Amino acid sequence: MGKMHIKLTVNGKQEELLAEPRELLIHVLRERLGITGPHIGCETSHCGACTVDMDGKSVKSCTVFAAQANGANITTIEGLGNPDGLHVLQQMFKEHHGLQCGFCTPGMITRAWRLLQENPNPTEEDVRFGMAGNLCRCTGYQNIVKAILAAAAELNAAKEAAQ
Amino acid sequence: MIPSRFDYHRPDSVDGAVALLTKYGDEARAIAGGHSLIPMMKLRMAEVQHLVDLQGIDSMKGVSVAGGTVTIGAMMTQHELIANEALAKAAPIIREASLQIADPQVRYVGTIGGNLANGDPGNDMPGLMQCLDATYVLAGPDGTREVAARDFYEAAYFTARSDDEILVSVRFTAPKGGYAYEKQKRKIGDYATAAAAVLIEKDGATCAATSIAMTNLSDTPVWCEAAGAALVGSKLDKSAIDAAVAAMLPTIDPQEDNRGPVEFKKHVAGVMLRRAIERAASRA
C-alpha cells in the first residue's frame, strides 16, 4: 500500500508527484501543489467550495481520490484569472456583489465557467439549476445569478465583436 | 476525513476487474463515480483494502438503441445520459429522472451502474428500471448472467449481485406511450422523500397498459403491479387514479427518519403517484 506516481495537468502545467492513493484531490491540490483557490468546505460533497474542472467536468475535489484523477487535466480558479487580469466571471462577481466572505467563490466561478461553456445563453432558471451544487451562506444567490448572467452576456458580446 | 489505506487498481477490461475482485475477495470493492462509496470510506464505515476503479473500461461506456431495445453501459454518467439525444428519444423518462438526481457536479461522475448496483433504497434508477422491466447484465468469474431489475433487490444494500460480479450493462425495451418521474425531495442533492415512476399506454382514451414503481418507500424499490392494474381499462379519471393510489399504499413500507414520519411519507407517496399518473397520461 505504497505511494503512487501521479501525473496531473493543472492549469496547463504538468505536475508529477508521489501520493498515497487515499489522498483526496483537494488535498493534493492545496497541500502538495500549493493551489489554495479551491476550498475545503463541508468535505461531504454537498457545498461545492472544492469544485474544480476535471477533463471538462465540474467535480467536487473532496470526493475524488488523487489516484482516480491520475492523468487528468485540471483547471482551478487560478487557471481562469488573476488579480492583474480578472476573468470576466470574476469581474462580474465583483461588479454585481456576487460574493461577501468569498469562501464559496472559487468553486462558484469554476462551476459557472463550465456551465457557460455548455450553455452560453442560459436563462435565470438554467443558471439556478446549473449552480445547484454550490452553496453560499452569505449572498442569498440573487447576485451570484446576476453576475453569471452578466458574464454570459459579456462573453457573448466579446465573441460577436471578434467575428 | 481521510480513509484508511488502500491499493488502487485501474483495470482496462471487465475480465481484468473481475479477476481483481476474485483475487482480493472481501478486501476489494469496485468504484464507479464513487459518490456513495468515497463518503463511506472517509467516514471509515466502508473498509476497502483494494479499490478497483472501473473508469478505464471502455466497453462499459456507451448507449445503443437498436430494434426497439435500449442498452446502456454501466459506466455512463447521469450527465452523459441527460445529454444523449438518442436515449432521450427512445426513453425520455431516463432524462427526466436523471435531472432529478443529486446536483450537477455529482451527475458528472455518478453512473447508472453505481446507482443500480449499490442497492441504496434512496437511489432513483432502481425503481425506474423496475418500471421499465429492465434486465441487468452481470459479469463474474464464470462469465455473464442476466437478472431482471424486478428480481435484483433483496434488502437495503443487498442485491442478487455477488461480491465478485460487476454490473456491466442494463437493457430494456424502449417504452411506448406516456411517462413521468415525480420526486419529492427536501432540497437539491437529497434523496427522495417519495418518488414515482409511471409508464402509461393508451388505446384511444382508454388506458391499455401501465407500469408503476415507487422509490425510497421500502428497503427496496417497489414495483406496484396492483396499482398499474387498477388503471388498465379505465379512462384514467379521478376514480381510477384514486384506486391506483389505494392499491399502491399497502405495498410500501416507509420508515420514519429525518424526511418525516410514516404517515407523511405515505401521504407524499400518494401525491407523487397521482401527479406522475396525470402527467404520464397527458403525454400518452
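Cut-off values and rules
- Residues numbered from 1 in each chain as written.
- Chains lettered and ligands numbered in written order.
- Predicted model: local features only at pLDDT ≥ 70, side-chain atom pairs only at ≥ 80, totals over all residues.
- Heavy atoms only, no water.
- Helix = DSSP H or I, 4+ residues; strand = E, 2+ residues; numbered from the N terminus.
- Rg over C-alpha atoms; globule rule 2.2 N^0.38 Å.
- Buried < 20%, exposed > 50% of the residue type's maximum accessible area, 1.4 Å probe, protein only.
- Contact = heavy atoms within 4.5 Å.
- Areas by Shrake-Rupley, 256 points an atom, 1.4 Å probe, with all protein chains shown as cover.
- Lys, Arg positive; Asp, Glu negative; His and termini not counted.
- Charge placed at Lys NZ, Arg CZ, Asp CG, Glu CD.
- Pairing = 2+ DSSP bridges.
- Axes fitted to C-alpha atoms, helices over the stretch in contact; angles between N-to-C directions.
- Disulfide = S-S within 2.5 Å.
- Expected span 1.5 Å × (residues − 1).
- Buried area = accessible area lost by both parts, 1.4 Å probe.
- Salt bridge = Lys/Arg side-chain N within 4 Å of Asp/Glu carboxyl O.
- Polar contact = N/O pair within 3.5 Å; in protein donor to acceptor, adjacent residues only side chain to side chain.
- Nonpolar A, V, L, I, M, F, W, Y, C, P; charged D, E, K, R; others polar.
- Domains from an automatic or database assignment.
- Phe/Tyr/Trp six-rings, centres within 6.5 Å; stacked < 30°, edge-to-face > 60°.

Some details on the overall build of chain A
No. 1: Secondary structure summary: chain A contains six helices and five strands in total.
No. 2: Each helix and strand of chain A, ordered N terminal to C terminal, gives the series β-β-α-β-β-α-β-α-α-α-α.
No. 3: For a compact globule of 163 residues, the expected C-alpha radius of gyration is about 15 Å, and chain A comes in at 16 Å, within 12% of that figure.
No. 4: A total of 163 residues make up chain A; the buried ones form 54% of that total.
No. 5: Partitioning the intrachain contacts of chain A with sequence separation of at least 6 by distance along the chain shows that 56% fall at a separation of at least 24.
No. 6: Roughly 7400 Å² of accessible area belongs to chain A as shown, and the carbon and sulfur atoms make up 50% of that amount.
No. 7: The averaged location of the 17 negative side-chain charges in chain A is 4 Å from the averaged location of its 15 positive side-chain charges.

Some details on the sheet that holds strand β10 (residues 166-173) of chain B
Strand pairs in the sheet, formed through backbone hydrogen bonds, run parallel or antiparallel to each other.
Residues and elements named next belong to chain B.
No. 1: As summarised here, the arrangement of the five strands in space is β4-β5-β10-β6-β7, forming an open sheet in which the pairing is antiparallel. The open sheet is flanked by β4 (63-66) and β7 (143-148), the only strands paired with a single partner. Across the sheet, the axes of successive neighbouring strands diverge by a mean angle of 20°, strand direction being ignored.
No. 2: Docked against the sheet, helix α1 (residues 14-24) engages β6 (135-140) and β10, running at close to 130° with respect to β10.

As for the state of the cysteines
No. 1: Taken as a whole, this structure holds zero disulfides over all chains when the rule is applied.
No. 2: Its sulfur unpaired, C47 of chain A is 3.8 Å from the next cysteine sulfur, which belongs to C42 of chain A.
No. 3: Here C224 of chain B stays free of any disulfide, with the sulfur of C131 of chain B as its closest cysteine sulfur at 9.9 Å.
No. 4: Judged by relative accessible area, which is 1%, C224 of chain B ranks as buried.

Regarding helix α12 (residues 262-283) of chain B
No. 1: Taking 1.5 Å of rise per residue, 22 residues should cover 32 Å, and α12 of chain B covers 32 Å from first to last C-alpha, within 8% of that figure.
No. 2: Buried residues along α12 of chain B sit against β11 (178-184), β12 (194-203), β13 (206-215) and α11 (238-248) of chain B.

Description of the interface of chain B and chain A
No. 1: Contacts between the two partners involve 33 residues from chain B, matched on the other side by 34 residues from chain A.
No. 2: The largest per-residue losses of area from chain B upon contact with chain A belong to R5, Q105 and Y108 of chain B, which jointly make up 25% of the total buried on that side.
No. 3: At the junction of chain B and chain A, the tally comes to two salt bridges.
No. 4: Across the pair K60 of chain A and D103 of chain B runs a salt bridge whose closest N-O atoms are separated by 2.6 Å.
No. 5: At the boundary of chain B and chain A, one finds 14 residue pairs in polar contact (both at pLDDT 80 or more).
No. 6: Sorting the residues of the side of chain B that touches chain A by element identifies β1 (7-9), α2 (37-42), β3 (50-53) and α6 (104-109) of chain B as the ones contributing at least two each.
No. 7: No other element matches the five residues that α6 of chain B contributes to the side of chain B that touches chain A.
No. 8: In the side of chain B that touches chain A, the residues fall into 16 nonpolar, eight polar and nine charged.

Quick word on the domain arrangement of chain A
Residue and element names in this part refer to chain A.
No. 1: Looking at chain A, the domain boundaries give domain 1 (4-79) and domain 2 (88-162).
No. 2: For domain 1 and domain 2, the distance between their C-alpha centroids amounts to 22 Å.
No. 3: The interface of domain 1 with domain 2 comprises 19 residues on the first partner and 14 residues on the second.
No. 4: Surface buried jointly by domain 1 and domain 2 totals about 1200 Å² across both partners, of which 57% is contributed by carbon and sulfur atoms.
No. 5: Across the contact surface, domain 1 and domain 2 share one salt bridge.
No. 6: Of the charged contacts in the structure, one is a salt bridge between R114 and D53, with a shortest N-O distance of 2.9 Å.
No. 7: Across the domain 1-domain 2 interface, the total number found is seven residue pairs in polar contact (both at pLDDT 80 or more).

Some details on the packing of aromatic side chains
Any pair of aromatic rings gets described here by the distance separating the centres and the angle formed by the planes.
All names here are of chain B.
No. 1: This structure, assessed with the given rule, holds four aromatic pairs over all chains.
No. 2: With centroids separated by 4.9 Å and ring planes inclined at 75°, the aromatic side chains of Y136 and F152 adopt a geometry described as edge-to-face. One end of the pair, Y136, is in strand β6; the other, F152, is in helix α9 (residues 149-152), and 16 residues separate them in sequence. F152 carries the same exposure label as Y136, and that label is buried.
No. 3: Look at Y136 and Y153: their rings are 6.2 Å apart centre to centre, the planes differ by 85°, and that puts the pair in the edge-to-face class.

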